[in-house]
Amino acid sequence: MIKVSDTAKKKVIELMTDDGFDAQKDFVRVGVKSGGCSGLSYDLTFDKNQYENDKVFEENNVKLIVDKKSFLYLVGTTLEYSGGLNGKGFVFNNPNANRTCGCGESFSL
């Protein structure tokens, strides 16, 4: 399962609304793809569709979709949002990552 902090929830709902999505019925798609300086990078998009290989769950009133392959890398991760002067935007706090890059956008296991 992926946790969603209160600050991330507020920002997700705001951005979904701005992009024409309905946070009550549409999804936040979270995934992992090859790339980045540490080998794997995070991917976060909004989606109206659910596919056969997706795991769907709700956390802190946010509907999340994760493909089965990405789910293995993301179990236990918390999605945070940092928006201060030095804020990075969305941050994935992943206990499975052995190494992360300086920007925090990629990792390796």
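Before reading further, recall that the structure is shown in the block above.
Reference entry: report on the structure contained in this document. As the structure is a computational prediction, the values presented were derived from the model and not from experiment. (Residues numbered from 1 in each chain as written. Predicted model: local features only at pLDDT ≥ 70, side-chain atom pairs only at ≥ 80, totals over all residues. Heavy atoms only, no water.)

Digging into the sheet that holds strand E6 (residues 78–82)
Phase 1 of the analysis: Strand order in this open sheet of three strands is E1-E6-E7, and the pairing throughout is mixed. Two strands close off the open sheet at either side, each with one partner strand: strand E1 (3–4) and strand E7 (89–93).
Phase 2 of the analysis: In terms of strand pairing, E6 meets E7 through five bridges, oriented antiparallel. For tyrosine 81, the partnering residue across the bridge sits in E7 and is phenylalanine 90.
Phase 3 of the analysis: Across the face of the sheet, helix H1 (residues 6–18) comes into contact with E1, E6 and E7 while running at roughly 75 degrees to E6. (Pairing = 2+ DSSP bridges. Helix = DSSP H or I, 4+ residues; strand = E, 2+ residues; numbered from the N terminus. Contact = heavy atoms within 4.5 Å. Axes fitted to C-alpha atoms, helices over the stretch in contact; angles between N-to-C directions.)

Things to note about the pairing of strand E2 (residues 27–34)
Looking along a regular strand, one sees side chains alternate from face to face of the sheet.
Phase 1 of the analysis: Burial runs high along E2: six of the eight residues are buried.
Phase 2 of the analysis: Where E2 lies against strand E5 (residues 62–67), two bridges are found, and the strand directions are parallel. The residue of E5 that forms the bridge with valine 28 is leucine 64. (Buried < 20%, exposed > 50% of the residue type's maximum accessible area, 1.4 Å probe, protein only.)

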